[in-house]
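# A structural walkthrough
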Amino acid sequence: MASTLGYITLMYIPINFILSIVAGEDIEFYYLLIGLLITLLLSFILIGLSYAQDVYNLYKSSIKNAVVTIESGAKTTKLAYENIACFYSENKIVFAVKNDGTTISTDFILNELEEKINNQLFYRANRQIIVHKDAVEEIEKIENGKLRIQLKATIENDAIKEINISRYKRKEFINWFQ
């Protein structure tokens, strides 16, 4: 960015001198300096916005194309983030639940998964469950400030009908969900 602003400065001064000579006006240092500063400020803002847009597009494409490789025994499956409803642990086995409700057993533990996956899309609801933001269908307030979550996907063996969020994690979950 600094080199681009340097090039703008190098081009602005001769162009300003040429335009002043063509227009037949006197060259005043004050107006030259103010014009240069305004031009550099606007250029800085436009370059910053362009850079921010590129970073945002890169981030969106990284989330869209992100996958989790699940090894289950001799079988390896790649699941895109958008196809995963949640991960849950039952009898020390972690299962991945797809949006259509089918489950796949994994060799992961939930702590490993929590580190691997994007925390803006997935949330560790409790010790047994990590949910995807798009898989949440309904949030209900229950006793003692807790929350109950209903998922869009229905799981084949109904291992997770209702997901409870403690009152201590309630605010964190609401902030993440919004």
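Here's what I pulled together on the structure shown here. Every value quoted in this text rests on a predicted model; they were computed, and no experiment measured them.

## Some thoughts on the sheet that holds strand S9 (residues 147-151)
Pairing in this open sheet of three strands is antiparallel, and the strands run S8-S9-S10 from one edge to the other. Because the sheet does not close on itself, it has two edges, and the strands there are strand S8 (136-141) and strand S10 (163-165). Strand-to-strand twist in this sheet, taken as the mean axis angle between neighbours without regard to direction, amounts to 25°. Looking at chain direction, S9 and S10 are connected through three bridges and run antiparallel.

## What to know about the pairing of strand S7 (residues 129-132)
Where burial is concerned, the two faces of S7 agree: the one with Ile129 and Val131 and the one with Ile130 and His132 are both buried. In terms of strand pairing, strand S3 (residues 84-90) meets S7 through three bridges, oriented antiparallel. Bridging from a neighbouring strand, Tyr88 pairs with Ile129 of S7. Pairing analysis gives three bridges linking strand S6 (residues 122-124) to S7, with the strands arranged antiparallel. Residue Phe122 lies in a different strand from S7, and its bridge partner there is His132. Once S6 ends, the chain turns through four residues before running back antiparallel as S7.

The rules behind the values
- Residues numbered from 1 in each chain as written.
- Predicted model: local features only at pLDDT ≥ 70, side-chain atom pairs only at ≥ 80, totals over all residues.
- Heavy atoms only, no water.
- Pairing = 2+ DSSP bridges.
- Helix = DSSP H or I, 4+ residues; strand = E, 2+ residues; numbered from the N terminus.
- Axes fitted to C-alpha atoms, helices over the stretch in contact; angles between N-to-C directions.
- Buried < 20%, exposed > 50% of the residue type's maximum accessible area, 1.4 Å probe, protein only.

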